Structures are given as structure tokens and as C-alpha cells.
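Per-entry structural report
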Amino acid sequence: RRIAEVIWDGQDGTAKVIRTIAEIDKHNPENRLNDGKADPRGRLFAGTMGYEYEPGKFYHKKGALYRFDPDGKVHTLAENIDISNGLCWDVEEKAFYYADSFEYTIRRYDYDIETGDICK
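As annotated in an unreviewed UniProt entry, the protein chain carries the name Regucalcin and comes from Papilio machaon.

1. Digging into the UniProt feature "binding site: a divalent metal cation" (unreviewed entry) in the protein chain
The UniProt record marks Asn85 with the feature "binding site: a divalent metal cation" (unreviewed entry), using the residue numbering of this structure. Relative to the helices and strands, asparagine 85 resides in strand 9 (residues 84-89). Judged by relative accessible area, asparagine 85 falls into the partly exposed class, the value being 24%. With near-sequence residues (within four places) excluded, asparagine 85 lies in contact with Asn34, Asp35, Tyr98, Ala99 and Ser101.

2. Observations regarding the pattern of salt bridges
Here the structure, examined in full by the defined rule, presents 14 salt bridges. Measuring nitrogen to oxygen at the nearest pair gives 3.2 Å for the salt bridge that ties aspartate 82 to lysine 61. Of this pair, aspartate 82 sits in the loop between strand 8 (74-81) and strand 9 while lysine 61 sits in the loop between strand 6 (57-58) and strand 7 (63-68), and the two are 21 residues apart along the sequence. Residue lysine 61 is classed as partly exposed on the basis of its relative accessible area, which comes to 33%. Of the charged contacts in the structure, one is a salt bridge between arginine 67 and aspartate 69, with a shortest N-O distance of 2.7 Å.

Calculation rules
- Residues numbered from 1 in each chain as written.
- Predicted model: local features only at pLDDT ≥ 70, side-chain atom pairs only at ≥ 80, totals over all residues.
- Heavy atoms only, no water.
- UniProt positions renumbered as here; feature names shortened; annotations may be inferred.
- Helix = DSSP H or I, 4+ residues; strand = E, 2+ residues; numbered from the N terminus.
- Buried < 20%, exposed > 50% of the residue type's maximum accessible area, 1.4 Å probe, protein only.
- Contact = heavy atoms within 4.5 Å.
- Salt bridge = Lys/Arg side-chain N within 4 Å of Asp/Glu carboxyl O.

Below, the structure written as C-alpha cells:
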């Protein structure tokens with residue numbers, strides 16, 4: 001649930017945390033990050049999911065979708081998500097998509113490249 005800046009040589013399993021940028025889902029401390037991608041301007045979009053208490057079984061509708069801006073601000077973009085996956089933008093930079101894998105749905109949002117905002 002933490003977004004952090006790390007130094008890692010890419011060879012061993014040890015990374016050194018330089019700083020924590022943000023911690024999310026504090027109200028659901030067993031949640032975890034599931035998928036994340038940078039938009040065309042370098043803002044990080046990432047989604048969480050509920051605790052997986054057995055392989056393939058997790059608490060539903062506990063996840064959320066977030067945007068992390070370069071200035072450190074965190075924005076909640078959507079809530080009540082099962083599993084965020086497949087984050088992407090169209091080539092014209094006017095639409096944002098993500099899949100909720102458990103619902104077998106792909107959601108499309110209008111996307112503002114200047115602000116990083118999404119809306120239906």
C-alpha cells in the first residue's frame with residue numbers, strides 16, 4: 001500500500017527505500033496494490049484490491065483506483081473495485097481504460113491529459 005522511491009541494482013532481492021511518497025488504503029490495511037502505470041505525462045495511476053485470504057479468494061469491493069501526481073498529491077479516482085488491471089490510455093490521450101478483472105469488465109473514462117482527471 002506504499003508508493004516509494006527505491007534504489008535497486010536489479011541483481012539481488014534487496015532494494016533500499018529512499019523515501020515513502022504515499023500510503024493508501026489506510027482504512028483497509030490488508031489491501032495491496034495490484035496494478036500501476038504511468039500516464040503520458042508521468043503521473044502514476046495504480047489500483048488496490050482486497051485481502052486475498054486463500055488463493056483466488058479475496059474480499060470484494062475493497063479496492064480503489066488512485067492517481068499520484070509529481071507534487072506528491074494523491075487523488076482517489078474510483079472506489080468499490082474488486083481487482084484493477086490493464087490500465088491504459090488511447091493513442092489520442094482522450095480516454096483512460098481499466099479492467100475490473102473479477103467483474104470481467106473494462107471501464108472507459110474521458111481523460112484530460114493536462115490535469116490527469118478522469119470522468120464518465
